[in-house]
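Architecture at a glance
Each chain is listed here by its residues.
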Amino acid sequence: MKASRLVVAVAVTGSLCLAGCGGGPGGGTKGRAGGGDERTIKAFDINLQPRDKVKDGGTLRWGINEFPAQWNRNHVDGNLAVAASVSNALLPSPFVSNEKAEISVNRDYLLDAEVTQQQPKQVITYRLNPKAKWSDGKPITWADYQAQWHALNGRNPAFHIASSTGYQDIEKVARGKDDFEVAVTFDKPFGDWQSLFSPLLPASTNQTPEAFDHAWLNKIPVTAGPFKFGGFDQTAKTITLVRDDSWWGNRAKLDKIIYRASEQDSLIGAFSNGELDITDVGPSAPDYARAKNTPGAQVRQAAGPDFRHFTFNGGSELLKDQNVRQAIQLGINRQAITQSDLQGLDWPIALLNNHFFMNTQEGYQDNAGKLGVYDPARARQMLDAAGWKLNGTVRQKNGKVLDLRFVVPSGVQVSKQEGELAQTMLAAIGVKLTIKAVPSDDFFTKYVIPGNFDITPFAYIGTPFPVSSSYGIYANSPDGKTWNANFGRIGSPAIDQAMSRAAQTLDPARARTLTNRADALIWPVVNVLPLYQRPQNVATRQTLANVGARGFYDLRYEDIGFTG
């Protein structure tokens, strides 16, 4: 499964988005792997073709591993990589990233944006494209930007937001010289300002908590992209998008995109049988080999800001003690799990020892220290000291058994395999790990987000903005109850302060240094245990152009199509 940093995605191995699933400066790939592996890896692999080489028409059949219910991607339940892969074809994003994580204005929505004042306060002035409009006919104006800031600034907890990063630093959003100019004044500097307002939703969605929660629940009421919403089929688990002929930009090459949701192990079979044109493979050697050997197909592979990890739930009665979490972390052999996951994927086998930067990103350094090594002897000592004593083969304390729930999405063999490996490792230090498989569609909304787990594995799908996209994952709760995208429910004022310092500097080199200081504070609290930089492995038809393993590159959905 995957999630976005902020986006999470369940598919393939579960993933979430990291705040926005988009692009930004300071995140470019070096093109080489970490850990001493010198093989060259691609920044993106999408079969990039000019529009005149792409045929007009056709239907793209796209396999996904989750059928989202919440389509408001700024909602904590909607911050999913799968939702982003669909709605990026439908919704405005003021900026786009290339494969080097270089950000530019998306001229379909924005004519220009610049810092027009730095003292006494940072002011950004946006000039909107007056041609841009919502599918209900209303123009996209400054009011949409203002309403999104009001909903996402974190001041009203009734808005169940994924993250307030950046928005919380804004003092006001005002109308400029007309409805198509926006003046954003920051209360304190925010370096990643280009990460904000993506995706942009209409003012009607953001005006009330009720609309924010329910207007996009099991529906997509309005769009503003090269495609528009065609319909859901809850029985077939398909989502249909059709070309929007009222789109003011380049006409979409495809007539239609049909997303088909299924459990991960079924998607590769459907691709191999010719029922799908594209699907994520994820870190599964058998799926990778099967897709690669499918006639007329290929697996496109690239580096990206995506990483596989285990999240520890500090809100769990069994894991509320930081010393216990540290002991469990020391009892997990990350190298063995990484080796098992990546073997056979033509990908460097290297541990990830940073929560913000990937092995291939500028700024990466190993901040794990002694907490990043496999040390079962020390783990046993720490559990003994914490009062968890062996009773037979499993530890107990005050009559409670140290039996941890390892929640995985059904149909994702990599997650199950990781659980089985961790189960054996933790048994050696007297900890019982019970693997609990749950329906893929429920994995995030009913288990991860509400904290119904002890440990869970998935992938975070990142953006070119390492700090701001990850901030919500590690941000402390303001009231001890509201955790938003911090699914580990573990944080501290010191971590918040360190991340804020990194986010506020406008000097990229200084930002990288401060980000690594924040990372060093995160390792001891054991919220997210990084495993490895996740390869983007995407199975596609050989004739499919301008889509695949995108790295930092933001797909231009209007350019996707077939060459033959």
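Report on the accompanying structure. (Residues numbered from 1 in each chain as written. Predicted model: local features only at pLDDT ≥ 70, side-chain atom pairs only at ≥ 80, totals over all residues. Heavy atoms only, no water.)

For the rest of this paragraph, the subject is the overall build of the protein. What the protein contains, in helices and strands, is 14 helices and 25 strands. With respect to the three principal axes, the spread of C-alpha positions in the protein is 70 × 60 × 45 Å. Counting over 564 residues, the protein shows a buried share of 62%. Within the protein, contacts between residues separated by at least 24 positions form 70% of all contacts whose residues are at least 6 apart in sequence. Of the roughly 20,000 Å² that the protein leaves accessible, carbon and sulfur atoms contribute 47%. In the protein, which carries 60 positive and 55 negative side-chain charges, the distance between the mean positions of the two groups comes to 2 Å. (Helix = DSSP H or I, 4+ residues; strand = E, 2+ residues; numbered from the N terminus. Buried < 20%, exposed > 50% of the residue type's maximum accessible area, 1.4 Å probe, protein only. Contact = heavy atoms within 4.5 Å. Areas by Shrake-Rupley, 256 points an atom, 1.4 Å probe, with all protein chains shown as cover. Lys, Arg positive; Asp, Glu negative; His and termini not counted. Charge placed at Lys NZ, Arg CZ, Asp CG, Glu CD.)

Attention now moves to the pattern of salt bridges. According to the stated counting rule, one finds 25 salt bridges in the structure shown. The salt bridge partner of K292 is D346, with a shortest N-O separation of 3.1 Å. Of the two residues, K292 sits in helix α6 (residues 285-292) while D346 sits in the loop between α8 (334-342) and α9 (376-385), which places them 54 residues apart along the sequence. For D346, a relative accessible area of 44% translates into the label partly exposed. One salt bridge connects E418 with R308, and the closest N-O pair in it is separated by 2.8 Å. Here the residue E418 occupies a position in helix α10 (residues 413-427), and R308 occupies one in strand β15 (residues 306-312), the gap between them amounting to 110 residues. Among the residues examined, E418 registers a relative accessible area of 0% and is labelled buried. On the accessibility criterion, R308 (0% relative accessible area) is buried. Linked through salt bridges whose partners overlap, the residues forming this network are K121, E171 and D187. (Salt bridge = Lys/Arg side-chain N within 4 Å of Asp/Glu carboxyl O.)

This next bit is on helix α7 (residues 322-330). Structurally, the α-helix is built with 3.6 residues per turn, so residues lying three or four positions apart point the same way. With seven of nine residues buried, α7 is to be regarded as a mostly interior element. Within α7 the residues assigned to the buried category are V324, R325, Q326, A327, I328, Q329 and L330. The backbone nitrogen of N323 has a side-chain oxygen 2.8 Å away, supplied by the residue at the start of α7, namely D321. (Polar contact = N/O pair within 3.5 Å; in protein donor to acceptor, adjacent residues only side chain to side chain.)

The next subject is the packing of helix α13 (residues 493-504) against helix α14 (residues 508-525). Where α13 contacts α14, the two axes come as close as 8 Å, and the packing angle between them is 165 degrees. With respect to each other, α13 and α14 are oriented roughly antiparallel. Considering the relative orientation of α13 and α14, their crossing is left-handed. The residues of α14 that touch α13, namely those facing A494, I495, A498, M499, R501 and A502, are A511, L514, T515, A518, L521, I522 and V525. Here the residues of the contact of α13 with α14 sort into eleven nonpolar, one polar and one charged. (Axes fitted to C-alpha atoms, helices over the stretch in contact; angles between N-to-C directions. Parallel < 35°, antiparallel > 145°, perpendicular 65-115°, else oblique. Left-handed = near helix turned anticlockwise from the far one by under 90°. Nonpolar A, V, L, I, M, F, W, Y, C, P; charged D, E, K, R; others polar.)

Right, let's get into the sheet that holds strand β17 (residues 394-397). The strands that make up a sheet pair up through hydrogen bonds in the backbone, lying either parallel or antiparallel. What the three strands build is an open sheet, ordered β16-β17-β18; its pairing is antiparallel. The outermost strands of the open sheet, each flanked by one partner alone, are β16 (389-391) and β18 (400-401). (Pairing = 2+ DSSP bridges.)

Another point: the nonpolar core. If you look at the biggest cluster of nonpolar residues, it comprises 105 residues, and the most contacted ones within it are W62 and Y126. For Y126, the residues in contact, after removing those within four places along its chain, are F95, L110, D112, A113, F180, E181, V182, V184, W193 and F197. Counting 48 residues, the second-largest nonpolar core is a separate cluster that includes Y288, L402, V408 and Y532. (Core = buried A, V, L, I, M, F, W, Y, C linked by side-chain atoms within 4.5 Å.)

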